[in-house]
Amino acid sequence: MILTVTLNAAIDKRYVVDGFLEGEVNRVAKCSYTPGGKGLNVSKPAVIAGGEVVATGFVGGHAGQYIEDALKLLGITSAFYHLDSESRSCINIWDGKKEIQTEFLEPGFEVKEEEFQGFLQLFQTLIEKADVVAISGSVPKGLDGTAYQKMVKMVKDAGKKVILDTSGNLLKMGIEACPTMIKPNLDEIRMLTGKSCDTLEDMVDAAKKIHTQGVEIVAVSLGGEGSFVVSESGVYRARVPKLHAVNTVGCGDSMIAGFALGLSENLPIDEILKKASGISAASALREETGYFRMEDMEKLLPEIEITRIEG
């Protein structure tokens, strides 16, 4: 079972417009509503790919009930800690004419210390049933950089695999607990290592530095150029075919879903990277965030090139 953590879950509202005009009335051609937040955007593709997924975190109010109801329809089991406050909404505006997207992300509710402690008790019981735990995204107001650090330590102490996908101080403090895997972007690699990372070789060296500090797998996205991973088995590079992307929001989360699935199946790292790259690329072909079609992934997989560049 894959346990996903979304401490700041949301209702994702996607508006499609034909020519977004700032300061003007904009008519929406099409809209959709889905349960969102980075952890839930991991949950959705993981289920499509055949995984058993339990989602946890905080939800509250009518919006929180909608999130749980919508997840049930997607085949995802909810195990959230409930608050009285209302869960947030996030808006994604896709301008079909300019092919540009704009996002508005609400901050969400504030979590009190006693509520977080209550959640940690629930989290401990869920860890026991999980093979892999994927912790993603931001934390609500009221929590600090120690939140993920504590959670990663709990998972590691239970002998389970844990992926941490976050940024800033949450990432910096979180890796002190040595998660199984992280997926930093270029700016985060620079923050964590102090290296400029102007070339692929520099980026690999920076990722290797983090790996030697106790993180088993460091995966770095290179955008349209694919990605690479540093692991005990060596350094592997993934190259993906050129795509006409429809929606890139959530592609990184879809990649995390692939890694979580691969780790739960104990696959070799090169096979995990290929699976993760295939799911991520396929998700870029769909308007819905955190969604892909298996037939798209299966079509893309033969075109994804995995090479061992070190080790």
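Here we summarise the structure given alongside this text.

Conventions adopted
Residues numbered from 1 in each chain as written. Predicted model: local features only at pLDDT ≥ 70, side-chain atom pairs only at ≥ 80, totals over all residues. Heavy atoms only, no water. Core = buried A, V, L, I, M, F, W, Y, C linked by side-chain atoms within 4.5 Å. Buried < 20%, exposed > 50% of the residue type's maximum accessible area, 1.4 Å probe, protein only. Contact = heavy atoms within 4.5 Å. Salt bridge = Lys/Arg side-chain N within 4 Å of Asp/Glu carboxyl O. Helix = DSSP H or I, 4+ residues; strand = E, 2+ residues; numbered from the N terminus. Pairing = 2+ DSSP bridges. Axes fitted to C-alpha atoms, helices over the stretch in contact; angles between N-to-C directions. Parallel < 35°, antiparallel > 145°, perpendicular 65-115°, else oblique. Left-handed = near helix turned anticlockwise from the far one by under 90°. Nonpolar A, V, L, I, M, F, W, Y, C, P; charged D, E, K, R; others polar.

### Digging into the nonpolar core
Turning to step 1, where the next piece is worked out: Phe 123 and Met 151 are the most contacted members of the largest nonpolar core, which totals 49 residues.
Turning to step 2, where the next piece is worked out: The residues contacting Phe 123, other than those within four sequence positions of it, are Leu 3, Val 5, Thr 56, Val 133, Met 151, Met 154 and Val 155.
Turning to step 3, where the next piece is worked out: Ranked by size, the runner-up nonpolar core spans 41 residues in total, among them Leu 40, Val 53, Leu 263 and Phe 292.

### Let's talk about the pattern of salt bridges
Turning to step 1, where the next piece is worked out: Evaluation of the coordinates by the stated rule reveals 10 salt bridges.
Turning to step 2, where the next piece is worked out: Where Arg 190 meets Asp 187, a salt bridge forms, and the shortest distance between an N and an O atom there is 3.6 Å. With Arg 190 and Asp 187 both in helix α6 (residues 186-193), this residue pair falls 3 residues apart, about one helical turn.
Turning to step 3, where the next piece is worked out: On the accessibility criterion, Asp 187 (54% relative accessible area) is exposed.

### Some remarks on the sheet that holds strand β7 (residues 88-95)
Strand pairing within a sheet occurs via backbone hydrogen bonds; the two strands may be parallel or antiparallel.
Turning to step 1, where the next piece is worked out: Across the sheet, which stays open at both edges, the 4 strands sit in the order β3-β2-β7-β8 with mixed pairing between neighbours. One side of each edge strand has no neighbouring strand; the edge strands of this open sheet are β3 (30-36) and β8 (100-105). The sheet shows a mean angle of 20° between the axes of neighbouring strands, taken without regard to direction.
Turning to step 2, where the next piece is worked out: Sheet topology note: the strand β2 (residues 10-17)/β3 ladder contains 7 bridges and is antiparallel. Looking at the pairing, Tyr 15 lines up with Cys 31 of β3.

### Describing the environment of Phe 259
Turning to step 1, where the next piece is worked out: You can see Phe 259 is positioned in helix α8 (residues 251-264).
Turning to step 2, where the next piece is worked out: Separated by 96 residues in sequence, Phe 259 and Ile 163 place their C-alpha atoms 8.6 Å apart.
Turning to step 3, where the next piece is worked out: Not counting chain neighbours up to four residues away, the residues in contact with Phe 259 comprise Ile 163, Met 181, Ala 219, Val 229, Ile 269, Ile 272, Leu 273 and Ala 276.

### Comments concerning the packing of helix α1 (residues 38-48) against α8
Turning to step 1, where the next piece is worked out: At a minimum axis separation of 8 Å, α1 and α8 run at an interaxial angle of 60°. Viewed along their axes, α1 and α8 adopt a mutual orientation that is oblique. Considering only the axes of α1 and α8, their crossing is right-handed. The residues of α8 that touch α1, namely those facing Lys 38, Asn 41, Val 42, Pro 45 and Ala 46, are Asp 253, Ser 254, Ile 256, Ala 257 and Leu 261.
Turning to step 2, where the next piece is worked out: For the contact of α1 with α8, the class distribution of residues is 6 nonpolar, 2 polar and 2 charged.

### Focus on the pairing of strand β13 (residues 227-231)
Turning to step 1, where the next piece is worked out: The buried count for β13 comes to 5 of 5 residues, which makes it a mostly enclosed element.
Turning to step 2, where the next piece is worked out: Burial along β13 is two-sided: Ser 227, Val 229 and Ser 231 facing one way and Phe 228 and Val 230 facing the other are all buried.
Turning to step 3, where the next piece is worked out: Of the pairings in the sheet, the one linking strand β12 (residues 217-221) to β13 comprises 4 bridges and is antiparallel in character. Across the sheet, Ala 219 pairs through a bridge with Val 229, a residue of β13.
Turning to step 4, where the next piece is worked out: Once β12 ends, the chain turns through 5 residues before running back antiparallel as β13, passing Gly 223 with a positive phi of about 65°.
Turning to step 5, where the next piece is worked out: Inspection of the sheet shows β13 paired to strand β14 (residues 234-239) by 5 bridges, in the antiparallel sense. Bridging from a neighbouring strand, Ser 231 pairs with Gly 234 of β14.
Turning to step 6, where the next piece is worked out: Linking two consecutive strands that pair antiparallel, namely β13 and β14, is a turn of 2 residues.

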